[in-house]
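Observations on chain architecture
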There are 2 protein chains.
Amino acid sequence: MANLNERMVALGTSRSVIRELFEFGKQRAAEIGAENVFDFSIGNPSVPAPDAVNETAIKLLKDTDPVVIHGYTSAQGDIEVRKLLADSVNRRFDTSFGPDNFYVSVGAAAALCCCLNGLCNKDDEVIVFAPYFPEYKVFIEGAGAKMNLIPADTEAFQIDFEKFEAAINENTKAVIVNSPNNPCGVVYSHETCTKLAEILNAKSAELGHPIYLIADEPYREIVFDGIEVPYLPKYYNNTLVCYSWSKSLSLPGERLGYVLVPDEVEEHGLVYAAVAGAGRSLGYVNAPGLFQRVCAMCADMTADITIYETNRNLLYNGLREIGFDVVKPDGTFYIFPKTLEEDDVAFCERAKQFNILIVPGSGFGCPGHARISYCVPTERIERALDAFKKLADSYK
Amino acid sequence: MANLNERMVALGTSRSVIRELFEFGKQRAAEIGAENVFDFSIGNPSVPAPDAVNETAIKLLKDTDPVVIHGYTSAQGDIEVRKLLADSVNRRFDTSFGPDNFYVSVGAAAALCCCLNGLCNKDDEVIVFAPYFPEYKVFIEGAGAKMNLIPADTEAFQIDFEKFEAAINENTKAVIVNSPNNPCGVVYSHETCTKLAEILNAKSAELGHPIYLIADEPYREIVFDGIEVPYLPKYYNNTLVCYSWSKSLSLPGERLGYVLVPDEVEEHGLVYAAVAGAGRSLGYVNAPGLFQRVCAMCADMTADITIYETNRNLLYNGLREIGFDVVKPDGTFYIFPKTLEEDDVAFCERAKQFNILIVPGSGFGCPGHARISYCVPTERIERALDAFKKLADSYK
């Protein structure tokens, strides 16, 4: 026996539910035609990056010394890039960050891993609220810590504060929040953020050590109806922001994001060093050079998200009409209705009979629900509503 | 006290000797003019990427659907990319790899971290030969293992096999080799590779578990005098290759490389899964999408390395003439002479008085030597030889 790291073998072998569904969809498409398969499994942005992204990349490639544009940047990111990021954030959120508050990362996943590995010691706990992005567990355990999962508030997908408070203990090192949320699309309200900060302050004082709030914000720009997403560093001092351009600029494959460590974070110099040190230990030498510049120069732009809003409205209204119990998403490209039977896995299996591919909520720590990704062509949703109707009818 | 991960804080706080030198150089340049500072501290490629790199990137940006070119690829890398890589390697080394032998990584550092985290359990040991790239220690310890350093063969910079054999024990999980070598520039000979494989086979059999050979090959293409770098998978079955285009295509900032897991590796399916699982756990979602394609399409090219050879000849001959004891580098852009006093740190300090910035060998596990990076303009070397002469004279 090869005597490898069993955890890594398991992570590399286990095919995710989403990937299984995706493969099933391809097979079904071959059988009955792609137009008859309603694949809502994958959260891959379906709108192109703004034209300015490729224009900026081409201009940089043409006009910059290749030794510079393709050379190592400093580990925390090119200084001009970090200045642009600080300017952009300050302009939008009326903050006063400087370039040294930013650590440019290889996407939000890397940003989270750098934070978790920098903060956590063995036996530390990280609190996560259901429904949650399942890779959080992988990243938390990769940092040697344990995930402490708080069951969902399934009424409004805010926070069940009673359960949250009860879960905090001396091992609690950090809390991850994801607003707008994958998989339910809900944004935490001003009241939720205020109460969250209140509890974190009280508990940090009680425990005698800070509990860090990690705000995972890849969906920040994908919101509808002009809603404002509360900026968590304004609510709670010990907040680290993990950002990504994967969704806002439709660049998921280029892997660009950042960690923001505000000066207000207790011993922020050490925390920033820990994040950077973790990046070094995990093999992140620097975030990809060309796209560091491209993202920073396009930081104020967003891909055209109107299609997501159109899809959200169509699906939300359609599902409601059919009789689904569903919380209206404020953003993202996900919606998370209650399943029509308690067993969400069985429900999603049955949906496959109607060629609807959706993901059971259990995988997000929230059974009795299913995730529908609507980063798809609008006409797929139009045609799928009839199939959803038939699926619902099959339960009557 | 913030109670962070102390190892990460230390890694993020400690400024490397090389970085210190670099900063000193900038300061000195401001005082006496850049042309009077002989900075040989940093190993940043000084020749531009081949024109085809930017041309390919621009063509892809113009002609490909942005949703595809900037979208997620599969975690192990785009399938077309992996096919191109297999073709390129097979063509060059007369091998028969397929796309599933390749895991595309975020540079060689990530490739190494994925291998080490995939292979190692706590208390495993990884053998490294001095002189060595100092980040190996960081990556090995990041994977929870221990580095077991074999002192250098300072005569020829091959392997001290007696010390190597004596160091292998039941905890030995892997051996890292780096040929052509940073910092000495030497390539392991056919004889060295043969003997290395012989010992690894015998010891693996004796221990009852494979000892993996990790071949870190970012400098494979940077060799002179038409020398051939032995291809280690042909010598030893349990070889994993970590490759990078940072040096061969002068793209260090774009972070592109791969892990090759040949079918000949024992339980190669599990080993590949372990590498991919480690990538997932460390937050590497996929290697940057655009440059995956660019590197694969330019995989047979090399930046113009003639300047490195010119510089090597100039420096090697010049240093010998001055009286330095130095092994001739076969490749890379480093040369690693013996220092003129035993204390290499003191020697490099004294060199600063002559405005020569070179790195003490102690940092590479090989005291009594110093690394000179010659990825610099040739005229800097021409002018520096006089300063080296004065430095040598100061010891007379």
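Given the structure is predicted, the values throughout are model-derived calculations rather than measurements.

**What about the overall build of chain A?**
The helix and strand inventory of chain A stands at 14 helices and 12 strands. The C-alpha radius of gyration of chain A comes to 21 Å, within 12% of the 21 Å expected for a compact globule of 396 residues. Principal-axis analysis of the C-alpha atoms places the extent of chain A at approximately 60 × 55 × 55 Å. Relative to its full complement of 396 residues, chain A shows a buried share of 61%.

**A short note on the pattern of salt bridges**
Within the structure shown, the criterion is met by 48 salt bridges over all chains. Note that Asp160 of chain A and Lys163 of chain A form a salt bridge whose closest N and O atoms lie 3.3 Å from each other. For Arg280 of chain A, the salt bridge is made with Glu135 of chain B, and the minimal N-O distance between the two is 2.8 Å. Of the two residues, Arg280 of chain A is situated in helix α10 (residues 268-281) and Glu135 of chain B in helix α7 (residues 135-142); the pairing between them involves two chains. Through salt bridges with shared partners, a single network forms among Lys122, Asp123 and Lys146 of chain A.

**Quick word on the sheet that holds strand β8 (residues 257-260) of chain B**
Residue and element names in this part refer to chain B. The seven strands are arranged β2-β8-β7-β6-β5-β3-β4 in an open sheet whose pairing can be described as mixed. Edge positions in the open sheet fall to β2 (102-105) and β4 (146-150), since each of these has one partner strand only. Between one strand axis and the next, the sheet turns through 20° on average, direction left out of account. Bridge analysis of strand β6 (residues 212-216) against strand β7 (residues 239-244) gives four bridges, and the strand direction is parallel. When the bridges of β7 are listed, Ile214 appears paired with Leu240.

**Some remarks on the pairing of strand β6 (residues 212-216) of chain A**
All names here are of chain A. Across the five residues that make up β6, a large majority, five, are buried. Of the two faces of β6, the one holding Tyr212, Ile214 and Asp216 and the one holding Leu213 and Ala215 are both buried throughout. Handedness of the β-α-β unit built from strand β5 (residues 172-177), helix α9 (residues 190-207) and β6 comes out right-handed.

**Structural notes on the interface of chain A and chain B**
Contact residues are listed per partner, giving 73 residues for chain A and 74 residues for chain B. Contact between chain A and chain B buries roughly 6,000 Å² in total, counting both sides, with carbon and sulfur atoms accounting for 56%. Of all residues in chain A, the largest losses of buried area upon contact with chain B belong to His70, Tyr72 and Arg280 of chain A, amounting jointly to 12% of the total for that side. Across the chain A-chain B interface, the total number found is two salt bridges. Applying the counting criterion to the chain A and chain B interface returns 39 residue pairs in polar contact (both at pLDDT 80 or more). Class assignment for the residues of the side of chain A that touches chain B results in 41 nonpolar, 22 polar and 10 charged.

**Details of the packing of helix α5 (residues 79-93) of chain B against helix α11 (residues 289-297) of chain B**
Residues and elements named next belong to chain B. Following both chains from N to C, one finds α5 and α11 inclined at 25°, their axes separated by 9 Å at the closest point. With respect to α11, the axis of α5 lies roughly parallel. Seen along the crossing, α5 lies across α11 with a hand that is left-handed. The segment α5 lies against α11, with Val81, Leu84 and Leu85 engaging Gln292, Arg293, Ala296 and Met297. In the contact of α5 with α11, the residues fall into five nonpolar, one polar and one charged.

**Things to note about the side chain of Glu217 of chain A**
All names here are of chain A. Along the chain, Glu217 turns up in the loop between β6 and β7 (239-244). Here Arg220 takes part through its side chain, which lies 2.5 Å from a polar atom of the side chain of Glu217. Excluding its chain neighbours within four sequence positions, the residues that come into contact with Glu217 are Ser179, Tyr231, Val241, Cys242 and Tyr243.

**Some details on the relation of the copies chain A and chain B**
Superposing chain A onto chain B takes a rotation of 180° combined with a translation of 0.0 Å along the rotation axis, leaving an RMSD of 0.0 Å. Those values place the two copies in the arrangement expected of a two-fold rotation axis. Most of the interface of chain A is mirrored in chain B: 100% of its interface residues are interface residues there too.

**Comments concerning unusual backbone geometry**
Residues and elements named next belong to chain A. Of note, the bond from Ser179 into Pro180 is cis; its omega dihedral lies within 30 degrees of zero at 0°. Positionally, Pro180 belongs in the loop between β5 and α9. Non-glycine residue Glu267 carries a positive phi angle of around 50°. With respect to the secondary-structure elements, Glu267 resides in the loop between β8 (257-260) and α10.

**A look at empty space enclosed by the protein**
Residue and element names in this part refer to chain A. This structure, assessed with the given rule, holds eight cavities of 30 Å³ or more. Within this model, the largest cavity holds a volume of roughly 110 Å³. Lining the largest cavity are 14 residues, and of these Ser88, Val89, Arg92, Tyr243 and Tyr258 sit closest to its centre. No other element matches helix α5 (residues 79-93), which puts five residues into the lining of the largest cavity.

**Digging into the domain arrangement of chain A**
All names here are of chain A. On domain assignment, one finds that chain A holds domain 1 (6-50 + 304-393) and domain 2 (51-297). Between domain 1 and domain 2, the contact holds 31 residues from the first and 38 residues from the second. A combined buried area of about 2,700 Å² lies between domain 1 and domain 2, and 63% of that area is made up of carbon and sulfur atoms. Broken down residue by residue, the surface that domain 1 buries against domain 2 is led by Pro50, Asp330 and Thr332, which jointly contribute 24%. At the boundary of domain 1 with domain 2, the tally comes to one salt bridge. Our enumeration of links across domain 1 and domain 2 arrives at 15 residue pairs in polar contact (both at pLDDT 80 or more). Among the elements of the structure, α1 (6-13), α12 (306-322) and β9 (334-335) are those that each provide at least two residues to the side of domain 1 that touches domain 2.

Procedures and definitions
- Residues numbered from 1 in each chain as written.
- Chains lettered and ligands numbered in written order.
- Predicted model: local features only at pLDDT ≥ 70, side-chain atom pairs only at ≥ 80, totals over all residues.
- Heavy atoms only, no water.
- Helix = DSSP H or I, 4+ residues; strand = E, 2+ residues; numbered from the N terminus.
- Rg over C-alpha atoms; globule rule 2.2 N^0.38 Å.
- Buried < 20%, exposed > 50% of the residue type's maximum accessible area, 1.4 Å probe, protein only.
- Salt bridge = Lys/Arg side-chain N within 4 Å of Asp/Glu carboxyl O.
- Pairing = 2+ DSSP bridges.
- Axes fitted to C-alpha atoms, helices over the stretch in contact; angles between N-to-C directions.
- Right-handed = clockwise from strand over helix to strand, strands pointing away.
- Contact = heavy atoms within 4.5 Å.
- Buried area = accessible area lost by both parts, 1.4 Å probe.
- Polar contact = N/O pair within 3.5 Å; in protein donor to acceptor, adjacent residues only side chain to side chain.
- Nonpolar A, V, L, I, M, F, W, Y, C, P; charged D, E, K, R; others polar.
- Parallel < 35°, antiparallel > 145°, perpendicular 65-115°, else oblique.
- Left-handed = near helix turned anticlockwise from the far one by under 90°.
- Least-squares fit on C-alpha atoms with pLDDT ≥ 70 in both.
- 1 Å grid on protein atoms, 1.4 Å probe; cavity = no way out; pocket = protein on both sides within 12 Å on 5 of 7 lines; lining within 4 Å.
- Points joined across faces, edges and corners; volume = space filled by probe spheres on them.
- Domains from an automatic or database assignment.

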